[in-house]
Amino acid sequence: MSDLSLRLSIVIPTFNESANVAELLHRLAQALGPHGWEAIFVDDDSPDATAALVRELARSDARVRCLQRIGRRGLSSACIEGMMAAAAPVIAVMDADLQHDESILPAMLKRIEEGSDVVIGSRYVDGGSTGEWNESRKSMSLLATRMSRLILKQPISDPMSGFFMLRREVLDGSVRRFSGMGFKILLDLLASVAKPLRVAEVPYQFRDRLHGQSKLDNMVIWEYGMLLADKMVGRYVPVRFLAFSFVGGLGVLVHLLVLTLALNVLKLGFTEAQATATVLAMVFNFGLNNLLTYRDRQLEGWGWLRGLFSFMLACSIGAVANIGIATYLFEHRTNWFPAALAGILVGAVWNYAITNLYTWAKK
Ligand code: GDD
Ligand code: MN
């Protein structure tokens, strides 16, 4: 292999990291030398114009590329698309915010070249640490790590790490089974491989963030649950449908609550009360699905209103189908309970399928 050949691609997901990218590139060159690596930034159209900044840096540095995604969010899916664009036989994923210690990259690469399939930058082996995390973030991370054993095929001390390296072949052999949901791309990978891998862990100390903010919020708990569910039951039923049904169940409660208030407090007639409850429950369901079920394709501004309209239209047709089927079954001597259940199921599947296609259409 000549000195100039490409040995390592580094995939760097970014969202509002313009204060960090130049420094990161500088540090990568210090750690890895002038040749043999490339850096692929995957930016989800950050409002702070990270993508434009990366392109500007790329004009005077052929090792740098920017993949800018429009109308999409998600750390895992960004990493996957960046990895697919990588050209080197070995791929690393690391954060842009300088919290991952780039100085261990050569040691990680050495482990791969010695035969490991995946090398993890780990905070939980000797010599590693989580840095200045508060108690609650530490215990959350430990709990999540324990839960990951439900889907892992082998014991790993830091499967939640966002800092790792792998051989191209490992990716090619598993990428079609990835869930691509949420934040935990390494866990997704480790749970998607066909056979156990040779995994090595290299310790590092998680640094503090100097510029910008963490994008981890309470929603990551939900996204983590979705990833676990997808790995456990996703083969049989799409987890988005489960989430959609869960939201629908909450919508029924909202409906009943509004109905009770409208009848007893506002003293509306039954038809007006039922209509009010239906509309409010639909708005509630749309809003919550937009926040949870379709977090990665979230609608905003006018898109939100347009989405609400198409959601209500789809669900009204779903309601007609629901009532029609339940009534048909009931009149053909089915008990009321299975008849109602069949109606609800058909309505739910219809609502899910149509709003998945139109309301939250893939870009
Ligand atoms: N493209 C893209 N899209 N990038 C994103 C998104 C997104 O939706 N959300 C975050 N990022 C980028 C950030 O810009 C940063 O470079 C990196 O992903 C990590 O995001 P942070 O917001 O800094 O996450 P963190 O520091 O709280 O969490 C990190 O450590 C955890 C524990 O190791 C991440 O590496 C997690 O994946 C990791 O589990
Ligand atoms: Mn970070």
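Described below are features of the structure shown in this document. (Residues numbered from 1 in each chain as written. Chains lettered and ligands numbered in written order. Predicted model: local features only at pLDDT ≥ 70, side-chain atom pairs only at ≥ 80, totals over all residues. Heavy atoms only, no water.)

The helix and strand inventory of the protein stands at twelve helices and seven strands. By principal-axis analysis of the C-alpha atoms, the protein measures approximately 80 × 40 × 40 Å. Burial status across the protein gives 45% buried among its 363 residues. Excluding contacts between residues fewer than 6 apart, the proportion of contacts in the protein whose partners are at least 24 apart in sequence is 76%. Surface summary for the protein: the accessible area is close to 18,700 Å², and the carbon and sulfur share equals 62%. (Helix = DSSP H or I, 4+ residues; strand = E, 2+ residues; numbered from the N terminus. Buried < 20%, exposed > 50% of the residue type's maximum accessible area, 1.4 Å probe, protein only. Contact = heavy atoms within 4.5 Å. Areas by Shrake-Rupley, 256 points an atom, 1.4 Å probe, with all protein chains shown as cover.)

The full count for this structure, using the stated rule, is 20 salt bridges. With a shortest N-O distance of 3.2 Å, E114 and K110 are connected by a salt bridge. As far as the burial class goes, E114 and K110 line up, both exposed. A salt bridge links E135 to K138; its shortest N-O distance comes to 3.9 Å. Of this pair, E135 and K138 both sit in helix 5 (residues 135–147), three residues apart, which is roughly one turn of that helix. Connected through salt bridges with shared partners, the residues E17, D97, R209 and K215 form a single ionic network. (Salt bridge = Lys/Arg side-chain N within 4 Å of Asp/Glu carboxyl O.)

Take the site of ligand 1 next. Taken together, the neighbourhood of ligand 1 is formed by 27 residues, with E17, R73, D95, K184 and K215 sitting nearest. Interatomic distance of 2.6 Å between a side-chain N/O atom of R73 and an oxygen atom of ligand 1. Computed on the free molecule, ligand 1 has an accessible area of 740 Å², of which 98% lies beneath the protein chains in the complex. Of all the secondary structure elements, the ones that give two or more residues to the shell around ligand 1 are strand 1 (8–14) and helix 3 (75–85). (Near = heavy atom within 4 Å. Polar contact = N/O pair within 3.5 Å; in protein donor to acceptor, adjacent residues only side chain to side chain.)

What follows covers the coordination of the manganese ion (ligand 2). Bound to the manganese ion (ligand 2) are the protein donor atoms D97 (OD) and Q99 (OE1), situated 1.9 Å from the metal. Of the two residues, D97 and Q99, neither departs from the other in class, the shared state being buried. (Donors = N, O, S within 2.8 Å, 3.2 Å for Na, K, Ca; no water.)

Before going further, it helps to spend a moment on the sheet that holds strand 2 (residues 37–43). Adjacent strands of a sheet pair through backbone hydrogen bonds, lying either parallel or antiparallel. Taken in spatial order, the seven strands of this open sheet run 3-2-1-4-6-5-7, and their pairing is mixed. One side of each edge strand has no neighbouring strand; the edge strands of this open sheet are strand 3 (64–68) and strand 7 (199–203). Within the sheet, the average angular offset between the axes of one strand and its neighbour, ignoring direction, is 20°. Across five bridges, the pairing between strand 2 and strand 3 is parallel. By the bridge assignment for strand 3, I40 is matched with R65. Its contacts with the sheet put helix 2 (residues 50–59) on strand 1, strand 2 and strand 3, and the angle it makes with strand 3 is roughly 155°. The strands touched by helix 3 within the sheet are strand 1, strand 2, strand 3, strand 4 (90–93) and strand 6 (164–167), with strand 1 carrying the most contacts at an inclination of about 150°. (Pairing = 2+ DSSP bridges. Axes fitted to C-alpha atoms, helices over the stretch in contact; angles between N-to-C directions.)

Inspection of the entire model under this criterion finds ten aromatic pairs. Seen in terms of ring centroids, F163 and Y204 are 5.3 Å apart; in terms of plane orientation they differ by 90°. Their pairing is edge-to-face. Of this pair, F163 sits in the loop between helix 5 and strand 6 while Y204 is found in the loop between strand 7 and helix 8 (219–233), placing the two residues 41 residues apart along the sequence. An identical accessibility class is assigned to F163 and Y204; each is buried. One aromatic cluster is present, built from ring pairs that chain together F286, Y294, W304, F311 and W360. Positioned above the aromatic ring of F15, the side-chain terminus of R73 is 3.6 Å from the ring centre. (Phe/Tyr/Trp six-rings, centres within 6.5 Å; stacked < 30°, edge-to-face > 60°. Lys NZ or Arg CZ within 6 Å of the ring centre and 35° of its normal.)

Let's shift gears to the pairing of strand 1. Across the seven residues of strand 1, seven count as buried, placing the element largely inside the fold. Side-chain alternation along strand 1 places L8, I10, I12 and T14 on one buried face and S9, V11 and P13 on a second face that is also buried. With seven bridges connecting them, strand 1 and strand 2 associate as parallel partners. Its bridge partner being in strand 2, L8 is matched across the sheet by W37. For the crossover that starts at strand 1, traverses helix 1 (residues 21–32) and ends in the parallel strand 2, the hand is right-handed. (Right-handed = clockwise from strand over helix to strand, strands pointing away.)

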